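Each chain, written out:
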Amino acid sequence: MPQNLTRAADAETVSDNPGSLITLLTDTAELTCNTATFEVGAAGAPVHFHTKATEFFHVTEGRLDFLVGDEVHTLVKGDFLAVPAGVKHAFAPAADSTAEVFVGFTPGMGRFDYYRLLGRVRVGEATVQDLIDSQPVYDNHYAESDAWAGRLKRSAEA
């Protein structure tokens, strides 16, 4: 069997928020990959950045609103985006849309435990403070964005 083969039937899944499912695919020193599936209205990923990894995204279904730096874009099925280390980003399904996206990090770094922590926070087995404390461990640094906050406000008013 090839190294790093993950069969769909064997892939671990984590629900980090209502309407959001992360399927864990591979987590090596070179590469971390997962898929993310979002129902209409799912929160998606908050504004954050990575100091060591480029994160890349390929939308496989639906539409995904995406913050890159200070700009919000809508990605559609087939679109690809790579976000270099140090660039703020966030993503969520576009208004009234679902989305499925393939997500990867290079280099990888044992990020699956971060996703598992998100799942534990969701069910009350860990706290938001645990997430804050984990930022340097998983190279996932939370940030703020007026552009993303404006997108959320416009969505709430619609």
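A brief report on the enclosed structure follows. (Residues numbered from 1 in each chain as written. Predicted model: local features only at pLDDT ≥ 70, side-chain atom pairs only at ≥ 80, totals over all residues. Heavy atoms only, no water.)

## A few points about the pairing of strand 6 (residues 71-76)
One face of the sheet, then the other: side chains in a regular strand alternate in exactly this way. With six bridges joining them, strand 5 (residues 54-68) and strand 6 adopt antiparallel strand pairing. Paired with Phe66 across the two strands is His73, which belongs to strand 6. Connecting the antiparallel pair strand 5 and strand 6 is a turn made up of two residues, with Gly69 showing a positive phi of about 65°. (Pairing = 2+ DSSP bridges. Helix = DSSP H or I, 4+ residues; strand = E, 2+ residues; numbered from the N terminus.)

## Re unusual backbone geometry
For the bond from Thr106 to Pro107, the omega torsion is -5°, close enough to zero to count as cis. In this fold, Pro107 is placed in the loop between strand 9 (99-106) and helix 1 (112-122). For Asp96, which is not a glycine, the phi torsion comes out positive at approximately 60°. With respect to the helices and strands, Asp96 occurs in the loop between strand 8 (89-93) and strand 9. Residue classification places Asp96 among the exposed residues on the basis of a relative accessible area of 73%. One non-glycine residue with positive phi stands out, namely Asp139, at about 50°. Here Asp139 lies in the loop between helix 3 (135-138) and strand 10 (141-142). The buried category is assigned to Asp139, whose relative accessible area is 1%. (Buried < 20%, exposed > 50% of the residue type's maximum accessible area, 1.4 Å probe, protein only.)

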